Amino acid sequence: MTAQVAKLLKRARSRHGVIGLGGSPLGNFASPMTDDEAALTMRRAWDRGIRYFDTAPHYGLGLSERRIGAELRRRPRDEFVLSTKVGRLIVPNPRPREQDDDGFAVPGDLTRRWDFSPSGVERSLRESLERLGLESVDILYLHDPEQAWEGAAREGLSALARLKADGVVKAIGIGTNSTAGLAEIIEDGLVDVIMLANRYSLLDHTALDSVLVPAHRFGVAVVAVGVFATGLLSTARPAPGSTYEYRAPGADVLGRAERIASVCEDHGVELPAAALAFPLLHPAVSAIAVGMRSPVEVDENLGRFETDIPGGLWDDLIAEGLIPPGAVRTHGS
């Protein structure tokens with residue numbers, strides 16, 4: 001990891017590593033919450049020691065940024081790490097809807113427009129800072145460039161590089177749930193950090209060789225998100241109605257989750273605690289971030305994160321063929 005990213009994340013580090021608060025729920029993802037509920041969640045996270053906060057214009061058409069900014073403006077700026085994203089401009093919807101049609105329980109009078117051009121990136125950051133009510137963010141990600149058009153990632157990264165060179169942001173990267181093309185971008189030295197959703201968890205090891213290995217080799221930090229596999233790993237046993245990749249899990253995935261839960265039980269560890277700890281076993285993974293929508297969820301997740309996991313648990317998961325041996329490495333290796 002670059003010295004700049006290491007310095008940033010040091011603000012958020014505890015004995016068990018770095019856990020951040022993901023801002024999607026604060027943008028009313030899937031279900032609404034009130035401003036008061038969002039404020040209480042943020043305050044509980046701060047009181048429990050969370051110092052990394054991630055958001056994006058996409059999350060609730062700017063609502064997440066406004067709510068996170070309202071709380072962070074009250075805190076010393078040098079005591080937290082804040083990231084947001086660019087690539088989707090928030091603009092008036094020419095065909096207003098009663099509700100947003102992209103998963104967030106907010107009015108549909110605004111919409112998203114892809115723009116990874118230099119002017120679009122600069123406008124997106126400027127408008128994010130206005131919503132946040134802050135003068136700066138620390139890490140700026142391109143958000144899902146692979147969903148826009150071919151070449152969007154490199155076009156956007158050129159604009160981010162200029163912002164970094166000018167001292168506007170301290171670190172730049174890509175936030176995505178796709179591993180495609182990331183190895184080349186890492187090897188070309190275009191990013192400081194990758195925020196990777198759903199591609200590195202107890203159930204999905206897609207990114208191990210394709211992203212984590214080159215990231216470790218070239219000193220690029222990885223922030224793993226979606227570590228609960230969109231719900232299936234969030235309870236001690238896979239619960240009825242739990243989702244995987246936002247859908248009902250197939251029999252194979254459900255069976256693997258059950259087997260992992262059984263190994264965890266044998267070691268006196270709850271499945272969600274293992275899910276939070278797993279990504280950080282690899283030296284490329286510098287942090288995880290988890291969406292939380294209430295003080296209770298903050299307490300639950302911090303309690304899990306602070307669980308001491310016996311090494312024998314990982315040995316048994318490897319022996320059962322449930323995780324690859326290459327996932328369990330020391331940070332000196």
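This text follows the structure it describes.
Residues numbered from 1 in each chain as written. Predicted model: local features only at pLDDT ≥ 70, side-chain atom pairs only at ≥ 80, totals over all residues. Heavy atoms only, no water.

Caption draft 1: Broad picture of the overall build of the protein chain. Looking only at helices and strands, the protein chain has eleven helices and eleven strands in total. Taking 20 Å as the expected radius of gyration for a compact globule of 333 residues, we find that the protein chain reaches 19 Å, a close match to that expectation. Its C-alpha atoms give the protein chain principal-axis dimensions of roughly 55 × 40 × 40 Å. Expressed as a percentage of its 333 residues, the buried residues of the protein chain come to 55%. (Helix = DSSP H or I, 4+ residues; strand = E, 2+ residues; numbered from the N terminus. Rg over C-alpha atoms; globule rule 2.2 N^0.38 Å. Buried < 20%, exposed > 50% of the residue type's maximum accessible area, 1.4 Å probe, protein only.)

Caption draft 2: Geometry of the packing of helix H3 (residues 63-72) against helix H4 (residues 118-132). At a closest axis distance of 7 Å, the pairing of H3 and H4 adopts a crossing angle of 50°. Classified by the angle their axes make, H3 and H4 are oblique. Together, Glu 65, Arg 66, Ile 68, Gly 69 and Ala 70 of H3 and Ser 128, Arg 131 and Leu 132 of H4 make up the contact between the two elements. Its residues assigned to classes, the contact of H3 with H4 comprises three nonpolar, two polar and three charged. (Axes fitted to C-alpha atoms, helices over the stretch in contact; angles between N-to-C directions. Parallel < 35°, antiparallel > 145°, perpendicular 65-115°, else oblique. Contact = heavy atoms within 4.5 Å. Nonpolar A, V, L, I, M, F, W, Y, C, P; charged D, E, K, R; others polar.)

Caption draft 3: Spatial organisation of the environment of Val 253. Position of Val 253 relative to the elements: it lies in helix H8 (residues 251-266). Take Val 253: its relative accessible area is 12%, and that puts it in the buried class. Through-space distance from the C-alpha of Val 253 to that of Leu 317 is 15 Å; in sequence the pair is 64 residues apart. When sequence neighbours within four positions are dropped, the list of residues in contact with Val 253 reads Leu 203, Leu 232 and Tyr 244.

Caption draft 4: Fine view of the nonpolar core. Core analysis: the biggest nonpolar cluster contains 86 residues, and Phe 53, Leu 202 and Trp 314 have the highest contact counts within it. Counting residues in hydrophobic clusters, the runner-up holds 18 residues, among them Ile 139, Tyr 141, Val 223 and Ala 287. (Core = buried A, V, L, I, M, F, W, Y, C linked by side-chain atoms within 4.5 Å.)

Caption draft 5: Focus on the environment of Val 193. Checked against the element boundaries, Val 193 lands in strand E9 (residues 193-197). By relative accessible area, which is 1% here, Val 193 ends up buried. Each C-alpha atom of the pair Val 193 and Val 220 lies 5.3 Å from the other, and the pair is 27 residues apart in sequence. Once you skip the residues sitting within four places of it in the chain, Val 193 turns out to touch Ile 139, Tyr 141, Ile 172, Gly 173, Ile 174, Val 220, Ala 221 and Val 223.

Caption draft 6: Highlighting H3. Among the ten residues that make up H3, eight are buried, leaving the element largely enclosed by the rest of the structure. All of the buried residues along H3 are Leu 63, Ser 64, Glu 65, Arg 67, Ile 68, Gly 69, Glu 71 and Leu 72. Contacts made by the buried residues of H3 are with helix H2 (35-47), strand E3 (52-54), strand E4 (81-86) and H4.

Caption draft 7: Here's a closer look at the side chain of Asp 144. Following the sequence through the fold, Asp 144 ends up in the loop between strand E7 (139-143) and helix H5 (152-165). Those residues within four positions of Asp 144 in sequence are excluded, and the remaining contacts are Arg 88, Trp 114, Phe 116, Gly 175, Thr 176 and Asn 177.

Caption draft 8: Fine view of the side chain of Asp 192. By the element assignment, Asp 192 lies in the loop between helix H6 (182-187) and E9. A polar side-chain atom of Asp 192 sits 2.9 Å from a polar atom in the side chain of Lys 164. Dropping the residues within four chain positions of it, Asp 192 is found in contact with Thr 2, Val 5, Lys 164, Lys 170, Ala 171, Ile 172, Val 220 and Ala 221. (Polar contact = N/O pair within 3.5 Å; in protein donor to acceptor, adjacent residues only side chain to side chain.)

Caption draft 9: Main features of the pattern of salt bridges. This model, assessed by the stated rule, comprises 25 salt bridges. Between Asp 299 and Arg 44 there is a salt bridge, and its shortest N-O distance comes to 2.8 Å. Of this pair, Asp 299 sits in helix H10 (residues 295-305) while Arg 44 sits in helix H2; the two residues are 255 residues apart in sequence, bridging distant segments of the chain. The class for Asp 299 is partly exposed, based on a relative accessible area of 28%. Asp 138 is the salt-bridge partner of Lys 170, the closest N and O atoms lying 3.5 Å from each other. Pair noted here: Lys 170 is in the loop between H5 and strand E8 (171-176) and Asp 138 is in the loop between H4 and E7, with a separation of 32 residues, a long-range link. (Salt bridge = Lys/Arg side-chain N within 4 Å of Asp/Glu carboxyl O.)

Caption draft 10: Highlighting the packing of aromatic side chains. On inspection of all chains with the given rule, the structure shows nine aromatic pairs. Where Phe 29 meets Tyr 246, the ring centres are 6.0 Å apart and the plane angle is 75°; that geometry is what we call edge-to-face. Remark: Tyr 246 occurs in the loop between strand E10 (221-225) and H8 and Phe 29 occurs in the loop between strand E2 (17-22) and H2; sequence separation between them is 217 residues. We classify Phe 29 as partly exposed; its relative accessible area is 28%. Overall, the relative accessible area of 54% leaves Tyr 246 in the exposed class. A network of ring pairs unites the aromatic residues Phe 29, Tyr 59, Phe 104 and Tyr 246 as a single cluster. Across the ring face of Trp 46, the terminal group of Arg 51 is positioned such that the distance to the ring centre comes to 3.6 Å. (Phe/Tyr/Trp six-rings, centres within 6.5 Å; stacked < 30°, edge-to-face > 60°. Lys NZ or Arg CZ within 6 Å of the ring centre and 35° of its normal.)

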